[in-house]
Amino acid sequence: MFKKILVANRGEIACRVMRTAKRMGIATVAVYSDADARSPHVLMADEAVRLGPAPAAESYLKAELILLAARETGADCIHPGYGFLSERESFARACAEAGIAFVGPPPNAIAAMGDKIESKKLAKAAGVNVVPGFLGEIADTDEAVRIAADIGYPVMMKASAGGGGKGMRLAYSEQDVREGFEATKREGLASFGDDRVFIEKFIESPRHIEIQVLGDQHGNILYLNERECSIQRRHQKVVEEAPSPFVTPAMRKAMGEQAVALARAVGYFSAGTVELIVSGADTTGQGFYFLEMNTRLQVEHPVTEEITGLDLVEQMIRVAAGGPLTITQDEVGIHGWSIENRVYAEDPYRGFLPSIGRLVRYNPPLASTADEARIRVDDGVVEGGEVSMFYDPMIAKLITWAPTREAAIDAQIAALDAFEIEGPGTNIDFLSALMQHPRFRSGAITTGFIAEEYPDGFHGAPADADLTRTLAAVAAFAATAQADRARRIDGQLGRRLPPPSEWTVRIDGADHQVAVATDGIGVDGEPLDIALEYTPGDRMVEVEIGEDVHLSVRIAPVRSGFRLTTRGASHVARVLPAHAAPYARHLIEKVPPDLSRFLIAPMPGLLVRLDVGAGDAVEAGQPLAVVEAMKMENILRAEKSGRVKSVSAATGDSLAVDQVILEME
């Protein structure tokens, strides 16, 4: 077995690998960029080596520096995690030449599966179902248009070396191809150093299902069931679960056997994932097609671990050391249900724009190993740390396990309510809304779920009447506690007055009359069976409703009330003493300024293209600028027709959020 492992990665996955390595008695080495000098993975490791400046191209992507760090620290193996160098054949080969074990598949397998065009040809030869498409190199946009027309719209344009949702464009028409082909090439070149693009038929109403495979160097290859990854936004996975509510035992066997056949065809060992696109409308179970093989550990591997009881990182390390698999295919079972939600630094209320900055507060839910439900948080951040513009925006992965799918979903909802993050915007509300959505809970999901269910963006999960009444009670109770503390401040004139006991709470546009007494709380004249505690300054209120309903509510004071966040939405509650509330209608509301004539940067990023100049006439919907953030290009379009009055930014500028790029007349 290895003595010392270097983890050639950062953040969550670096911490994940180190936890297993430490449990196995293997010393750990971290590498870091200047942006990560004080990150948790650096502090967790036994040794740490600086690589270089913050940009990945100058640090985590420099294979020679990582190999030098391994030699200098005496590491006898390297685990690449996911992303960065994890699927780069040259890095795996360089490790072998340096006499350092690469914890992953052999270089030839990485090369065979890393090229999406060649991998589809190999898959077809191995008897694996493949999606109809054009697998050759495409010279230019005109050829791309001709190929797309031959295949038939809609088509998907993909960077050959792409992954993680980057370098992908869906085209429903010739115009979409002309607008998106060059952008796809640029994203492929910027993210992966390869601008080749291929085009394939887009299967409508698809499900994204993947098979986890695991092989050793002795010819044994297993499939560890499937993962359902259909909940995606812009082709980036958001929710994963295992098993899939759609896959039957017969489908699982057919998919698994094809995945193993593909792995065997390229001499694969270690952990890997075969991704499939599956027709949700095909009840025969035959409508599944090969998408790609990821020759690394997947972000979503914990859900497979939860239902199989296997530690995939440990298995990878043992395989790399030459050990055989200790289980057979018949011993791979499915125990319960597991769901993973990716907590991202993005603002769902502003079109999911990237959000960066310092984690002013980071308090994840406590891990739990109870028999009825388990909670696991895989992260690589700490309170006071910073979400950087240089790397992926994922903050943490929230994983739950329970005996049934419904119980695992309910555990997610409760855990998301208890997740405290302040600083950058996060998608926690959105994740909770997904978990509560009737269509998700039914299992009738496709990769188009988010676009179909939230066509106008996300505005918070809807609250029913019972939840609104409960939140009104929480707000009034908190206001009473604050008033009680205020009356106890020494030095006030006269005798201390009792705090108000009757309040008018306006929440979600409706007024509720709330009475707070020592023997209970009434809302709109009806008693509420509720128990809670609140001390001014608390950030979380734990509420018990009846005998078996528990609710975690994040609470923050705002002008004339509180912001209450729970069950996938934030609700601003204005709380006034009942005798003062009638006068509120006389207050003048502040009208927000009209910013429609400005093109404003919706997120921090790099202005990579400016399509217009001062004096130019523009039409509604016309592209005006392109801002790159988190390695993704975002096209900013004109909201209305007009003429450009002035331009305030130039190509190559680093933009702050809400910075003015140009002004219209």
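Every residue gets a number counted from 1 within its own chain, in the order that chain's sequence is written. Local features in this predicted model are restricted to residues whose pLDDT is 70 or higher, and side-chain atom pairs enter the listing and the counts only when it is 80 or higher, whereas totals over whole chains, interfaces and linings include all residues. With hydrogens and water stripped out, all remaining heavy atoms of the structure feed into the side-chain values.

(A) View of the overall build of the protein. Helical segments are the DSSP runs of H or I of at least four residues, strand segments are the runs of E of at least two, and each set is numbered from the N terminus. A tally of regular secondary structure across the protein gives 16 helices and 41 strands. With the principal axes as the frame, the protein shows a C-alpha extent of 85 × 65 × 55 Å. Buried means the residue's accessible area, taken with a 1.4 Å probe over protein chains only, is under 20% of the maximum for its type, while exposed means over 50%, and partly exposed covers the values in between. Per-residue burial for the protein yields a buried fraction of 54% across its 665 residues. The contact criterion used is simple: two residues touch if any of their non-hydrogen atoms lie within 4.5 Å. Taking the contacts inside the protein whose residues are at least 6 apart along the sequence as the reference set, 64% of them involve residues at least 24 apart. Surface exposure of the protein reaches about 28700 Å², of which carbon and sulfur atoms provide 51%. Separation of charge centres in the protein, based on 68 positive and 93 negative side chains, amounts to 3 Å. For the accessible areas, the method is Shrake-Rupley and the probe is 1.4 Å, while residue cover comes only from the protein chains on display. When charges are tallied, Lys and Arg are placed among the positive residues and Asp and Glu among the negative ones, while His and the ends of the chain are skipped. Every charge is mapped to an atom, namely NZ of Lys, CZ of Arg, CG of Asp or CD of Glu.

(B) A look at the environment of Asp-484. As for its position among the elements, Asp-484 is in helix H16 (residues 465–487). For Asp-484, a relative accessible area of 22% puts it in the partly exposed group. The spacing of Asp-484 and Pro-536 is 52 residues in sequence and 9.7 Å in space, taken between C-alpha atoms.

(C) Examining the sheet that holds strand E39 (residues 642–647) more closely. Note on pairing: DSSP must find at least two bridges between two strands before they are called paired. The four strands lie next to each other as E34-E41-E39-E36, forming an open sheet whose pairing is antiparallel. For this open sheet the edge positions go to strand E34 (598–600) and strand E36 (617–618), each flanked by a neighbour on one side alone.

(D) Geometry of unusual backbone geometry. With an omega of 0°, the peptide bond between Tyr-153 and Pro-154 qualifies as cis. The residue Pro-154 is located in the loop between helix H7 (141–151) and strand E7 (155–163) in this model. Ala-242 connects to Pro-243 through a cis peptide bond whose omega is -5°. On the secondary structure map, Pro-243 appears in the loop between strand E12 (236–242) and helix H9 (249–265). Despite not being glycine, Asp-658 has its phi angle at roughly 70°, a positive value. Turning to its location among the elements, Asp-658 is positioned in the loop between strand E40 (654–655) and strand E41 (660–664).

(E) Representation of the sheet that holds strand E1 (residues 4–7) in the model. An order of E3-E2-E1-E4-E5 is seen for the five strands of this open sheet, with the pairing classed as parallel. Here the strands that pair on one side only, and so sit at the sheet edges, are strand E3 (47–52) and strand E5 (101–102). Of the strand pairs in this sheet, strand E2 (residues 27–33) and E3 are connected by five bridges, and their pairing is parallel. When the bridges of E3 are listed, Tyr-32 appears paired with Arg-50.

(F) Up close: the nonpolar core. Only buried Ala, Val, Leu, Ile, Met, Phe, Trp, Tyr and Cys residues count toward a nonpolar core, and they belong to the same one when joined by side-chain atoms within 4.5 Å. Ile-231, Ile-395, Leu-434 and Met-435 are the most contacted members of the largest nonpolar core, which has 37 residues in total. Of all the elements in the fold, those that place two or more residues in this core are E12, strand E15 (337–344), strand E21 (374–379), strand E23 (394–402), helix H12 (405–417), helix H13 (428–436) and helix H15 (449–453). The residues contacting Met-435, other than those within four sequence positions of it, are Val-239, Ile-339, Asn-341, Ile-409, Gln-412, Ile-413, Leu-416, Phe-440 and Arg-441. If you look at the next biggest cluster of nonpolar residues, it comprises 34 residues, including Phe-2, Met-24, Ala-320 and Leu-325.

(G) The arrangement of the packing of helix H5 (residues 107–114) against helix H6 (residues 116–125) in detail. Contact geometry of H5 with H6 gives a least axis separation of 5 Å together with a crossing angle of 100°. Viewed along their axes, H5 and H6 adopt a mutual orientation that is roughly perpendicular. Of the residues in H6, those touching H5 at Ala-112, Met-113 and Gly-114 are Lys-116, Glu-118, Ser-119 and Leu-122. For the contact of H5 with H6, a count of residues per class yields three nonpolar, two polar and two charged. In this analysis an axis means a line fitted to C-alpha atoms, helices contributing only their contacting stretch, and an angle means the value between N-to-C directions, from 0 to 180 degrees. Here the word oblique covers every angle except those under 35 degrees (roughly parallel), over 145 (roughly antiparallel) and from 65 to 115 (roughly perpendicular). Three categories are distinguished: nonpolar for Ala, Val, Leu, Ile, Met, Phe, Trp, Tyr, Cys and Pro, charged for Asp, Glu, Lys and Arg, and polar for the others, with Gly belonging to the last.

(H) Quick look at a negative patch on the surface. On the surface, a cluster of negative charge is made up of Glu-137, Asp-140, Glu-182 and Asp-195. Mapped onto the elements, Glu-182 comes out in helix H8 (residues 174–192). You can call Glu-182 partly exposed: its relative accessible area is 34%. Residues enter a patch when their relative accessible area is above 30% and they make no salt bridge; the linking distance is 9 Å between like charges and 5 Å between nonpolar side chains (Val, Leu, Ile, Met, Phe, Trp, Tyr). Should a side-chain nitrogen of Lys or Arg be within 4 Å of a carboxyl oxygen of Asp or Glu, the pair is scored as a salt bridge.

(I) Layout of the pattern of salt bridges. Scanning the model with the defined rule gives 55 salt bridges in all. Here Arg-318 and Glu-314 are joined by a salt bridge, their closest N and O atoms 2.9 Å apart. Here the residue Arg-318 and the residue Glu-314 both occupy positions in helix H11 (residues 312–320), the gap between them amounting to four residues, near one helical turn. By sharing partners, the salt bridges in this structure join Arg-16, Arg-19, Arg-23, Glu-305, Glu-306, Asp-311, Glu-314, Arg-318, Arg-374, Arg-376 and Asp-378 into a single network.

(J) Just the packing of helix H1 (residues 11–23) against H11, in detail. Following both chains from N to C, one finds H1 and H11 inclined at 65°, their axes separated by 9 Å at the closest point. Considered as vectors, H1 and H11 are oriented roughly perpendicular to each other. Classified by chirality, the crossing of H11 by H1 is right-handed. Note on element contacts: H11 touches H1 through Leu-312, Val-313 and Glu-314, opposite Arg-16, Val-17, Thr-20 and Arg-23. The residue makeup of the contact of H1 with H11, split by class, is three nonpolar, one polar and three charged. Handedness of a crossing follows from how the near helix is turned relative to the far one, being left-handed for an anticlockwise turn of less than a right angle and right-handed for a clockwise one.

(K) A look at the pairing of strand E11 (residues 221–233). The buried fraction of E11 amounts to 13 of the 13 residues, a majority that puts the element mostly inside the structure. As defined by bridge partners, strand E10 (residues 206–215) adjoins E11 across six bridges and the pair is classed as antiparallel. When the bridges of E11 are listed, Glu-210 appears paired with Arg-227. Connecting E10 to the antiparallel partner E11 that follows it, the hairpin turn spans five residues, and Gly-219 within it adopts a positive phi of roughly 95°. From the end of E11 to the start of E12, which pair antiparallel, there are two residues, and Arg-234 there has a positive phi angle of about 55°.

(L) Spatial organisation of empty space enclosed by the protein. Note on definitions: the grid is 1 Å and covers protein atoms alone; a cavity is a set of points where a 1.4 Å probe fits but cannot get out; a pocket is an open set with protein on both sides within 12 Å along at least five of seven lines; lining residues have an atom within 4 Å of a point. Grid points are joined across faces, edges and corners, and a volume is the space filled by probe spheres set on the points. What the rule picks out here adds up to three cavities of 30 Å³ or more. Here the second largest cavity is characterised by a volume of approximately 50 Å³. Residue lining of the second largest cavity: Gln-315, Arg-318, Val-319, Gly-323, Pro-324, Leu-325 and Thr-326, and that is the complete set. Considered class by class, the residues forming the lining of the second largest cavity number three nonpolar, three polar and one charged.

(M) Molecular detail of the packing of aromatic side chains. Here is the rule: rings of Phe, Tyr and Trp (six-membered ring for Trp) pair when centre to centre is within 6.5 Å. Planes less than 30 degrees apart are stacked, more than 60 are edge-to-face, and the remainder are tilted. Scanning the model with the defined rule gives eleven aromatic pairs in all. Note on Tyr-534 and Phe-562: the rings are 6.5 Å apart at their centroids and 80° apart in plane angle, and the pair reads as edge-to-face. Of this pair, Tyr-534 sits in the loop between strand E29 (530–532) and strand E30 (540–545) while Phe-562 sits in strand E32 (residues 561–566), and the two are 28 residues apart along the sequence. When sorted by exposure, Tyr-534 lands in the same class as Phe-562, which is buried.

(N) Focus on H7. Those residues of H7 lying buried are Thr-141, Ala-144, Val-145, Ile-147 and Ala-148. Each buried residue of H7 lies within a common arc of 165° when the element is viewed along its axis, so the set occupies one face. The exposed residues of H7 that point more than 90 degrees off its buried face are Arg-146 and Asp-150. Any N or O atom pair separated by 3.5 Å or less is treated as a polar contact, with the protein-specific requirement of one donor-capable and one acceptor-capable atom, and with residues adjacent in sequence counted only for side-chain atom pairs. The backbone nitrogen of Asp-142 has a side-chain oxygen 3.3 Å away, supplied by the residue at the start of H7, namely Asp-140. Phi for Gly-152, located one or two positions after H7, is positive at around 100°. Our arc is simply the arc of the directions from the helix axis toward the C-beta atoms.

(O) Layout of the pairing of E39. Two elements, E36 and E39, share two bridges in a ladder whose sense is antiparallel. From the neighbouring strand, Val-618 faces E39, where its bridge partner is Gly-642. In the sheet, E39 pairs with E41 via three bridges, with the strands oriented antiparallel. Along E41, the bridge assignment pairs Val-647 with Leu-662.

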